[in-house]
Amino acid sequence: MASKRVIVVGTGPGGGTAAMVLAKHGFEVEIFEKQPYVGGRTSAIHLGDYTFDLGPTFLMMVDVLEDAFRAAGRDVHEYLDIRRIEPMYHLRFGDGRSFYPTTDPTGMKAEIERLFPGQSGRFDRYMSYEQRKYDRVLPCLQVPYDELTAYASKRFLRAIPYLDAHRSLFDHLGRYFDHEDLKISFTFQAKYLGMSPWKCPATFSIISFIEHSGGIYHVIGGLNRITAAMAKVAQEHGARLHLGTGVKRLLLEGRRAVGVELDSGEQVRADHVVVNADFGTFMTRLVPHTAARKYTPAKLSKMGLSCSGFMLYLAVDKQYDLAHHNILFAQDYKQNVTEIADTLQLSDDPSVYVQNASRTDPTLAPPGCSTLYVLVPAPNRRSGIDWSEAKAEYRERVLRILEQKAGLTDLRQHIVAERVVTPADFETDKLVYQGAVFNLAHTVGQMLWMRPHNKFEEFAGCWLAGGGTHPGSGLPTIIQSGVISAEGILAQEGAQPGAPGPSAGATP
């Protein structure tokens, strides 16, 4: 097995998972990362002594992370300090009322009854049906859909009655709850996919169920520690990590990927190439346009994309009485998401997510200080918004919302450092296609077999990991994409995924 070489392009959680699993099985793994740091969008931003996650801040389905490390012969808890967040988050609705969802069923029903009298009895019905749905749908997200025949599997046929793909997520929650704000509290999770609850398929109601059944977690040091730990495990198994080493193009011989050409001009050949780069960027920058058959630039320009994000990373010399996760909804939430996803315009009254991770994690800021991570969902770059013109005014708009809705009235006086990241920055600096930070949209026509395959259909020897392939965006599913691609390579080379393989490294 050691004679087989695998190149992994990118060190996001999908590529990191594939790298550590394949290295554990004795493959010669070469990892190339354009940035001088590990993680891609799951990396860190440092402002002096303050540390922020660049991207994901919600960790769910810890068992997926545990299983990925177990497949690499490691215990994730020996690398990461994972803490449960309770209550899960603070939701502030447009009328100013606050709601604190919890994973404790009794406490959750009491919280529903406090704010939405008469609705609490429906929570049990929601959990009962969504448990059955989860049990049927989840197995469909753990296997590849490289062949159309996957739809004929017993696994998929059992899931069909629970897919609910014919209705929207918001309409689906109307089966349980009457109050609009209560439905919003179980559907805003569509933002994890960069979609509107009124457009997102109801299949994804399992996301809110996963939260309520399994909880939300934080990693001490930030979720960026996940990709750092993956890189460490891969290296322990003998993988070679090349930071600050960009890939210029995929090397092709006919319809087979045989390696990569680096920005330096050096060509590195391999038996398999796992691409964890942003999918649209990969196809438009690393693949010759004349080589693409299915995902041509013209086809990509017509595919559905997620929204983007306007980010503020605020280092403050004060601690606020603010929950770990906070969502400040617009007065008219539906109009807000319509503007983001459909009319592609900036909202006068946007919804704002604020993470106050220092409440849980003292390692992120100096004593008595805080890191405030602020995400405002925004249109992707297809909007044509000139962020060089809009950036300053939109920053002011967001700060006013934090002052008025989050009660951070003296915030400006306590900001000691900050960074602003716009959709344009995601496109140019982070190489995110059209700034769509949640990748391809998760519409019915872009799911399962109709999403770019893990065993990439354009080129033999090429495998995909990340949010642009199956199962989709979000940390657990991206990690699963790395598992699926690694298992596909193992199967192709005649190795058993669960079997021990030769390792060049020692246990930690």
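The preceding data block contains the structure.
Remember, it's a predicted structure, so these values are computed and weren't measured experimentally. (Residues numbered from 1 in each chain as written. Predicted model: local features only at pLDDT ≥ 70, side-chain atom pairs only at ≥ 80, totals over all residues. Heavy atoms only, no water.)

### Side note on the sheet that holds strand β18 (residues 415-421)
Test applied: Pairing between two strands is assigned when DSSP locates at least 2 bridges connecting them. The secondary structure listing takes helices from DSSP runs of H or I that are at least 4 residues long and strands from runs of E that are at least 2 residues long, numbered from the N terminus. Any two residues whose heavy atoms approach within 4.5 Å at even a single point are treated as in contact. Here an angle of 0 to 180 degrees is reported between the N-to-C directions of two axes, which are lines fitted to C-alpha atoms, with helices fitted over the stretch in contact.
Spatially, 7 strands are ordered β7-β6-β15-β16-β17-β14-β18 in an open sheet, and the strand pairing comes out mixed. In this open sheet, the two strands that pair with only one neighbour each are β7 (98-99) and β18. Strand contacts of helix α13 (residues 387-405): β6 (90-92), β14 (308-316), β15 (325-328), β16 (352-355), β17 (370-378) and β18, with the helix running at about 60° to β14, the strand carrying the most contacts.

### Brief notes about helix α3 (residues 105-115)
What counts, and what does not: Each residue gets one of three labels from its accessible area relative to the maximum for its type: buried under 20%, exposed over 50%, partly exposed in between, using a 1.4 Å probe on protein chains only. For this quantity, the arc is that covered by the directions from the helix axis to the C-beta atoms.
Residues M108, E111, I112 and L115 constitute the buried set of α3. Taken down its axis, α3 places every buried residue within 100° of arc, on the same side. For α3, the secondary structure elements touched by its buried residues are β7, α4 (122-137), α7 (180-185) and α8 (206-214).

### A look at the packing of helix α2 (residues 62-71) against helix α16 (residues 475-492)
Heads up, the condition is: Between 65 and 115 degrees an angle is taken as roughly perpendicular, under 35 as roughly parallel, over 145 as roughly antiparallel, and anywhere else as oblique. Crossing handedness is read from the near helix: turned anticlockwise from the far helix by less than a right angle, it gives a left-handed crossing, and turned clockwise, a right-handed one. Residues are grouped as follows: Ala, Val, Leu, Ile, Met, Phe, Trp, Tyr, Cys and Pro are nonpolar; Asp, Glu, Lys and Arg are charged; all remaining types, including Gly, are polar.
Direction vectors running N to C along α2 and α16 enclose 25°, while the axes themselves pass 9 Å from each other. Taken together, the axes of α2 and α16 lie roughly parallel to each other. Relative to α16, the crossing made by α2 is left-handed. Counting all contacts with α2, which are made through V64, L65 and A68, the residues of α16 involved are P476, I479, Q480 and V483. A class-by-class count of the residues in the contact of α2 with α16 yields 6 nonpolar, 1 polar and no charged.

### Observations regarding the environment of E253
So the rule is basically this: Here a polar contact is taken to be a pair of N or O atoms separated by no more than 3.5 Å, where protein atoms must pair a possible hydrogen donor with a possible acceptor and residues adjacent in sequence count only if both atoms sit in side chains.
Along the chain, the position of E253 falls in strand β10 (residues 247-253). When sequence neighbours within four positions are dropped, the list of residues in contact with E253 reads V258 and R269. A distance of 2.6 Å separates a polar atom in the side chain of E253 from a polar atom in the side chain of R269.

### Details of the layout of surface pockets
To be explicit about the condition: With a 1 Å grid spanning the protein atoms alone, the term cavity applies to any set of points in which a 1.4 Å probe fits but cannot get out, the term pocket to an open set with protein on both sides within 12 Å along at least five of seven lines, and the term lining residue to any residue with an atom within 4 Å of a point. Grid points are joined across faces, edges and corners, and a volume is the space filled by probe spheres set on the points.
There is about 260 Å³ of room inside the second largest pocket. What lines the second largest pocket is a set of 17 residues, among which L305, S306, A341, D342 and A441 lie closest to the centre. When its residues are assigned to classes, the lining of the second largest pocket shows 8 nonpolar, 6 polar and 3 charged.

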